[in-house]
Amino acid sequence: MSWIVRESGFDPERIAHHGNKFMIGNGVLGYRGTLEEFGKSELTATIVAGLYDKVGDKWREPVNAPNGLATAVFWDGAPLSVLKAVDPADAGARGKAGEGDARGDASPELVAHEQALDLRRAVHRRRSVFRTADGAEVAITSERFCSAVRPELIVSRIAVESSREGEFTIVTGIDGDVWDINGPHLERIESGTDAAGEVLSLTAWTQELGIPVTVAEAAEVRGGGEHQLLREDLSVRRRIQMRCRAGEPVEFVKYVAVWTGQDGAPARDVRTASAQSAREARQLGYDRLLQEHADRWERKWETSDMTVEGDEEAQLALRYSMYQLHIIAPDRSERVSIPARGLSGQVYKGAVFWDTEMFMLPFFLHTAPEVARNLMMYRVHTLDGAKRKAAEYGYDGAFYAWESQETGDDACTLFNVNDVFTGRPMRTYFRDKQVHISADVAYGIWQYYAFTGDESLLLDGGAEVAWECAKFFYSYGYFNPRKQRYEILDVTGPDEYHERVNNNAFTNRMVKECLRVALDAMEILRSRNPERYEALLAESAVSPEQIRDMHDRLYVPQPDAKDGLIEQFDRYYTLEDVSLPDLKGRMLHPHEYLGGGNGPATTTQILKQADVVLMLHLFKGDYAPSVKQANWAYYEPRTEHGSSLSACIYALVAADTGSPDWGYPYFMRTATIDLTGESKQYVGDLYIGGTHPAANGGAWMAAIQGFAGLRYDGNQAELRPALPSAWQAIEFPVCLRGGSYRIRVSRGEVVIKASGENSTAMRFSVRDQELAVAPGQEVRVPYEAAGSLDGQLGSARPSGVKH
Ligand code: IFM
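Scoring rules and cut-offs
- Residues numbered from 1 in each chain as written.
- Predicted model: local features only at pLDDT ≥ 70, side-chain atom pairs only at ≥ 80, totals over all residues.
- Heavy atoms only, no water.
- Helix = DSSP H or I, 4+ residues; strand = E, 2+ residues; numbered from the N terminus.
- Rg over C-alpha atoms; globule rule 2.2 N^0.38 Å.
- Buried < 20%, exposed > 50% of the residue type's maximum accessible area, 1.4 Å probe, protein only.
- Contact = heavy atoms within 4.5 Å.
- Salt bridge = Lys/Arg side-chain N within 4 Å of Asp/Glu carboxyl O.
- Core = buried A, V, L, I, M, F, W, Y, C linked by side-chain atoms within 4.5 Å.
- UniProt positions renumbered as here; feature names shortened; annotations may be inferred.
- Near = heavy atom within 4 Å.
- Polar contact = N/O pair within 3.5 Å; in protein donor to acceptor, adjacent residues only side chain to side chain.
- Areas by Shrake-Rupley, 256 points an atom, 1.4 Å probe, with all protein chains shown as cover.
- Nonpolar A, V, L, I, M, F, W, Y, C, P; charged D, E, K, R; others polar.
- Pairing = 2+ DSSP bridges.
- Axes fitted to C-alpha atoms, helices over the stretch in contact; angles between N-to-C directions.

This part covers the overall build of the chain. A tally of regular secondary structure across the chain gives 22 helices and 33 strands. Its C-alpha atoms give the chain a radius of gyration of 27 Å, near enough to 28 Å, the size a compact globule of 803 residues would have. When its C-alpha atoms are laid out on the principal axes, the chain stretches across 85 × 65 × 55 Å. The 803 residues of the chain split such that 62% are buried. For the chain, the proportion of contacts with a sequence separation of at least 24, taken over those separated by at least 6, is 67%.

With that settled, consider the pattern of salt bridges. Opposite charge on two side chains makes pairing possible when the charged atoms of those side chains draw close. A full pass over the atoms with the stated rule returns 67 salt bridges. Across the salt bridge formed by glutamate 513 and arginine 509, the nearest N and O atoms sit 3.8 Å from each other. Linking glutamate 513 with arginine 509, this pair stays in helix 12 (residues 505–528), spanning 4 residues, or about one helical turn. In this structure, the salt-bridge partner of arginine 744 is glutamate 731, at a minimum N-O distance of 3.7 Å. Separated by 13 residues along the polypeptide, arginine 744 in strand 29 (residues 739–746) and glutamate 731 in strand 28 (residues 729–736) bring together distant segments of the chain. Using a relative accessible area of 25% as the deciding quantity, one classes arginine 744 as partly exposed. With relative accessibility at 21%, the residue glutamate 731 sits in the partly exposed group. Connected through salt bridges with shared partners, the residues Asp118, Arg125, Glu143, Arg157 and Asp287 form a single ionic network.

Our next topic: the nonpolar core. Grouped together as the largest cluster of nonpolar side chains are 208 residues, with contacts concentrated most on Phe364, Phe667, Trp727, Ile730, Ile743, Ile752 and Phe764. Of all the elements, helix 12 adds the most residues to this core, at 13 residues. Excluding residues within four positions of it along the chain, isoleucine 743 makes contact with Leu710, Leu719, Ile730, Glu731, Phe732, Val734, Val750, Val751, Ile752 and Phe764. Grouped together as the second largest cluster of nonpolar side chains are 23 residues, Val73, Phe130, Ala136 and Val250 included.

With that settled, the discussion passes to the UniProt feature "domain: Glycoside hydrolase family 65 C-terminal" (unreviewed entry) in the chain. Per the UniProt entry, the sites bearing "domain: Glycoside hydrolase family 65 C-terminal" (unreviewed entry) are residues 710–772 in this numbering. The span residues 710–772 is 0% helical and 60% strand by assignment, and the distance between its end C-alpha atoms comes to 16 Å.

Attention now moves to unusual backbone geometry. Here the amide bond leading from glycine 183 into proline 184 is cis, since omega sits at 0°, within 30 degrees of zero. Its location among the elements puts proline 184 in the loop between strand 12 (166–175) and strand 13 (186–193). Within the chain, arginine 571 stands out as a residue other than glycine whose phi angle is a positive 70°. Tracing the backbone through its elements, the reader meets arginine 571 in the loop between helix 14 (544–553) and helix 15 (580–585). Residue arginine 571 is classed as exposed on the basis of its relative accessible area, which comes to 59%.

Turning our eyes to something else, we now look at the site of the ligand. Around the ligand, the structure places Ala340, Tyr348, Phe353, Trp354, Asp355, Trp402, Glu496, Lys608, Gln609, Ser643 and Leu645. Between lysine 608 and the ligand, the recorded distance is 3.4 Å, taken from a side-chain N or O atom to a nitrogen atom. The fraction of the free accessible surface of the ligand (280 Å²) that becomes covered by protein chains is 95%. Across the shell around the ligand, the residue classes break down as 6 nonpolar, 2 polar and 3 charged.

Glancing now at the pairing of strand 14 (residues 199–206). Along strand 14, 8 of the 8 residues are buried, which leaves the element largely enclosed by surrounding structure. As judged from the 6 bridges shared by strand 13 and strand 14, these two strands associate in the antiparallel manner. Among the inter-strand pairings, glycine 192 is bridged to a residue of strand 14, identified as serine 201. Note that strand 14 and strand 15 (residues 212–222) share 7 bridges and pair antiparallel. Among the inter-strand pairings, tryptophan 205 is bridged to a residue of strand 15, identified as proline 212. In this structure, the hairpin formed by strand 14 and strand 15 is closed by a connection of 5 residues, where glycine 210 is found at a positive phi of approximately 65°.

The UniProt feature table records "domain: Glycoside hydrolase family 65 central catalytic" (unreviewed entry) at residues 319–701. Between the end C-alpha atoms of residues 319–701 the distance is 13 Å, and the span holds 49% helix and 4% strand.

Strand order in the open sheet formed by 5 strands is 19-28-29-30-33, and the pairing between neighbours is antiparallel. Every interior strand has two partners, whereas the edge strands, strand 19 (307–309) and strand 33 (778–782), have only one. Adjacent strand axes in the sheet meet at a mean angle of 20° when their direction is disregarded. Judged from the 3 bridges that link them, strand 19 and strand 28 form a sheet pairing that is antiparallel. Following the sheet pairing, valine 308 is matched in strand 28 by isoleucine 730.

This is how it looks when you write it as structure tokens:
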């Protein structure tokens, strides 16, 4: 239980949602949860991490590789496809009306259909049962996985079983006619087979950089059959005709290898490597490949799986959230990071946003620090792009891309949203003004160092990144001579509906942190690599003393002495204080963009997503509980939660202030986002569907950092549990400074078990009771649950999240 995500029945309206929900992946490849008979109209996609292309002046976006799993099954010439199959109810109605349509009355009926994901082994399954015109019941079952061991490999096993003896045909191969948003990205498609005619392949080149991509497929058909090769312009397939006996399944397995020339390899090598890999996989066989894959996943879960007692729904949603993060984690490369929509397609240009550092990094820091390091090294490798962007705007240092791809140059355009009424591009300031991105990057680098104690990231370029980000802010900041303070003007904070504001509290606080991180990181660099330190200073127009001065005199909006409120930005309170339902009532189109130059929210206090409240979460030690409560209560009713990055933050701060039950619906909304598919699909006329890794990370944060109350500053691990009423306990593994711990938080007791392999003791505090946990030791700490403050967050105007 709680390892399987399942959906019964087929609903054409949910094809896109299921493509996200049932995704498989291995950090290098992401394969959407579509069915074997689907094609480009059903958004089938095989996304290769870090491979981008641009066609003409359209948006640069990830490449969707040819679909190596494309398979159609026919029974007596009629397709066994959920798309073509006749719904029994429908068939009756049409029969009566004497109609019939393009599908033909002979189309098989779909009598049962199920799609499922086994989270534990990262395997996708489907089973569809059709009733054919001759009365046979034919079941198609399939199982597939993206190998966690062989990053280029996708393996699929399909079985056809009929209640009657009969003849069926499988047409299976590689389909190069793929779904693209701003494509087509692949040109010069060449199909081929190996000398023995056993391995099919399709090679094509990206348009912009001419990078070769080959998909090779080796098949294994149990039960023989007559084969025929079908080569068309955009595809290569085999047609296999077979007879099956009643009740005896006929199986075939596809071993699909996807290789690219991302590393500079020529097409010849890419072709050879993919064919070899498909052939080798076939030699190893399905069972062995599945076993090694499942073993690898078992190890991933050993260091990450958590159990929640008393709440099956949350348990499954949390596992699913972690699954989504695992399938897109770059565990082999520090050249790629995680895009805002993971590997689920081309939405948001496959770009990496601040989502990674602020919402996904915590999960990896606690469970797979080597992945966390890769994520941050990606920022080191893209530093040049960030420097180019700063220079382009006339600033010093590094201004990281709002939408970053493989070089770090900004894929974000100046006109990122089209007006729904006119279709005209609207000027947006995501690219120019969300300067907090550079501070977020520096923050992430320091988080890695503080968590792991591993200086290598700082010495391998992390300190330089932080320093360049600090230099950027020094050049961007403004010294207000009258107030004798530095200010950060003309920015867009996390709340993107209010562009070009002054002194956004979150941004200013993050910049202060970035300056601190830069100074501390440079000190470490100085002590370990003085030459590099001196070289960096020699080429800097700014000195550490100047950065220190800016740090010390930077204005950060503070809580009001009377009510504790922090103004989101200068003059925010002068905006119209309208309720969210009233604001929504003013919308003239369901997809109308609420912010920007003249969106309905622009002149009001309605915010898109957690902004001040995010700052209260990140710097929780700096603010009194009363301040957190006051700001939560003020900002929540004014928050649209129009971004998937919002609700988890309200859950975290609610838990932090002793109101877990108030935070719980925000947590569940975050944790189930890709299970329910309930998220915004359009901004203006821009499709933004896909998976939501930031929310997946946010769900983990809400459970572990919120409800279990774990905080680790690199020195001491603190636990301040605040379990929701339904939860009896939560148990989870964490990795702190290289040591492994299992922590169980139940009502009234915390149990901490340190691995015998840890090298040192760790200092813990459980609701202010201090203790050290030695290697191999298990300690039980009773604690008194804090009284519920739930009522104090109550708002007169809820934002739509049900309590
Ligand atoms: O990074 C986010 C941003 O904060 C809100 N809009 C969507 C982006 C990608 O998730």
